[in-house]
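An overview of the molecular structure
In case you want the letters, here they are:
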Amino acid sequence: MGSFEFTPSNFPFENRNALLDDYTPDELVGRDEEIREYHAALQPAIDGSQPDNIFLFGKTGVGKTAATRFLLDKLVSGSSEYGVNIHTRRMNCDGLDTSYRIAVETVNAFRDADQKISETGYPRSTVYDMMWDTLDDLGGLIILVLDEIDHLQDDSLLYQLSRARENKELTSARVSVVGISNDLSYRDRLSPKVRSSLCERSINFPAYTAGELQQVLSQRESIAFQNGVLDDGVIPLCSAYGAQESGDARKALDLLLKAGDIAQESNASTVTVEHVERGRELLQREEVTRGILGLNDHERILLYALSTFTAREETPVRSRKLYQRYENLATNSGSDALTSRWMHDHLDELEMLGLVSVTKRNEGSSGGQYKMITLNQDLEPVLDALEETIHQSGVHTSVESWL
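Let me sum up the structure you'll find in this document. (Residues numbered from 1 in each chain as written. Predicted model: local features only at pLDDT ≥ 70, side-chain atom pairs only at ≥ 80, totals over all residues. Heavy atoms only, no water.)

**Some thoughts on helix H12 (residues 297-311)**
With 15 residues, H12 should cover 21 Å at 1.5 Å per step; its first-to-last C-alpha distance of 21 Å lies within 8% of that length. For H12, the buried fraction is high: 14 of the 15 residues fall into the buried class. Two or three places before His298, at the opening of H12, Asn296 has a side-chain oxygen 3.1 Å from that residue's backbone nitrogen. Remark: Glu313 follows H12 within two positions and exhibits a positive phi of approximately 55 degrees. (Helix = DSSP H or I, 4+ residues; strand = E, 2+ residues; numbered from the N terminus. Expected span 1.5 Å × (residues − 1). Buried < 20%, exposed > 50% of the residue type's maximum accessible area, 1.4 Å probe, protein only. Polar contact = N/O pair within 3.5 Å; in protein donor to acceptor, adjacent residues only side chain to side chain.)

**Things to note about a nonpolar patch on the surface**
A contiguous nonpolar patch, built from Val395, Trp402 and Leu403 and spanning about 310 Å² of accessible area, is present on the exposed surface. In this fold, Trp402 is placed in the segment after helix H17 (387-393). (Patch = residues over 30% accessible without salt bridge, like charges linked within 9 Å, V, L, I, M, F, W, Y side chains within 5 Å. Areas by Shrake-Rupley, 256 points an atom, 1.4 Å probe, with all protein chains shown as cover. Salt bridge = Lys/Arg side-chain N within 4 Å of Asp/Glu carboxyl O.)

**Observations concerning the pairing of strand S4 (residues 173-181)**
Counted residue by residue, S4 has eight buried out of nine residues, so it is predominantly covered. Of the pairings in the sheet, the one linking strand S1 (residues 54-57) to S4 comprises four bridges and is parallel in character. Residue Ile54 lies in a different strand from S4, and its bridge partner there is Val178. (Pairing = 2+ DSSP bridges.)

**Comments concerning the sheet that holds strand S7 (residues 356-362)**
Ordered in space as S6-S8-S7, the three strands form an open sheet in which the pairing is antiparallel. Sheet topology places strand S6 (317-318) and S7 at the edges, where each strand pairs with a single neighbour. Pairing geometry for S7 and strand S8 (residues 369-375), over seven bridges, is antiparallel. Directly across from Thr359, in S8, lies its bridge partner Met372. The strands that H12 touches are S6, S7 and S8; relative to S8, the one it contacts most, it runs at about 80 degrees. (Contact = heavy atoms within 4.5 Å. Axes fitted to C-alpha atoms, helices over the stretch in contact; angles between N-to-C directions.)

**Overview of the environment of Leu42**
Inspection of the secondary structure puts Leu42 in helix H1 (residues 32-46). Distance from Leu42 to Leu71, taken between C-alpha atoms, is 8.5 Å for residues 29 residues apart in sequence. Beyond its immediate stretch of four places on either side in the chain, Leu42 contacts Pro51, Ile54, Leu71, Leu72, Leu75 and Ile143.

**Focus: unusual backbone geometry**
Here the residue pair Phe11 and Pro12 is connected by a cis peptide bond, since its omega of 5 degrees sits within 30 degrees of zero. A positive phi is found at Glu148, a non-glycine position, where the angle reads about 50 degrees. Within the element layout of this structure, Glu148 appears in the loop between strand S3 (140-147) and helix H5 (156-162). Positioned with a positive phi, Ser246 is a non-glycine residue whose angle comes to about 65 degrees.

**Remarks on the nonpolar core**
One finds Ile102, Met131, Trp132, Leu146, Leu158 and Leu161 to be the most contacted residues of the largest nonpolar core, which totals 34 residues. It is helix H4 (residues 124-138) that provides the largest number of residues to this core, a total of six residues. For Trp132, the residues in contact, after removing those within four places along its chain, are Gln160, Leu161, Ala164, Glu169 and Leu170. Core analysis: the second largest hydrophobic core is formed by 33 residues, Tyr304, Ala311, Leu347 and Leu350 among them. (Core = buried A, V, L, I, M, F, W, Y, C linked by side-chain atoms within 4.5 Å.)

**A closer look at the packing of helix H9 (residues 234-244) against helix H11 (residues 273-293)**
Helices that pack against each other are described as a pair by the angle of their axes relative to one another and the distance between those axes. Viewed as axis vectors pointing N to C, H9 and H11 meet at an angle of 25 degrees, and their least axial separation amounts to 9 Å. One way to sum up the angle between H9 and H11 is to call them roughly parallel. The two elements H9 and H11 cross, and the hand of that crossing is right-handed. Seen from H9, the contacting residues are Val234, Leu237, Cys238, Tyr241 and Gln244; seen from H11, they are Val273, Val276, Glu277 and Arg280. For the contact of H9 with H11, the per-class residue count stands at six nonpolar, one polar and two charged. (Parallel < 35°, antiparallel > 145°, perpendicular 65-115°, else oblique. Left-handed = near helix turned anticlockwise from the far one by under 90°. Nonpolar A, V, L, I, M, F, W, Y, C, P; charged D, E, K, R; others polar.)

Structure (structure tokens):
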């Protein structure tokens, strides 16, 4: 026990990696119209011209990043075939959230290891000068992909890049930017001078339909699984659940992967809809746990307070009553309770995370306005994720039988 043994058959998988997030298939299905528009926007690059800056908008899991990887791989391959000088670099602004850090990353992306620069210690103007020199040394066309661009705290770099040739910062190189965002309002938050200078082309990626998700999953099935190991209902069910989850292909693929893993662990002869249902339950539990672990101490105490009412089927609970229990639990944990104003603000945040539901009531002059709150997740995984909070605040009698 505890040792690992190689299993040549790897049943039910043929290539499990084909279901992972970083896998790029040879053909992209379910996004035909978006790919055509995106391809047309990039076509000038192969013709030796600079394409417009491109902004991709759409919710998480609708194919923006996958389409970008797919088309840029084709573009770089085509540039070799046709003798066009094209370089690409993808950066995620969730980790590189300022123009300064993006500029440093751009410099280091195209320099040898012994010429890379540190993230601190330089004035911004110096970093920009090094970036222009590095890009001009490359020459040709450089496409910079800024994924999750809405995390960028300032738009200085976007303005500088869009004006680089006009301001004589670049002479032998041209730069186009591909911005990817889940926030449809991101462009409106840019400064007017940036919006006017970007000259961007916007492409919207709508949510996948269940039919489009079936195309995606069927394509991956043929690569990821051995022949004939999926029951007929598996792909349609994963697709239906993915469509329910805002048309998110990533979640549909994760569910198919989880179902395959469960079948493998249980030594089943096929992957069935029962494995899908079990996989969905486990993924939901994991998602709830991640969401709760990302909360601060007082948010977790507030969620614990709501859980105590849920355990006794006393929800929806009025906000005043919930606050009183939160106060008691905070005191038990050795913390000073925050204000009821804080609670109301953070209830809205918990609602956005899908952890609670908030209904506003108005009973006029007799009863006033107030909120009714309900836990929006199954109680058991919520209590599991709150184990440390429960330990610190003490076990409330209402949840004893659940622990």
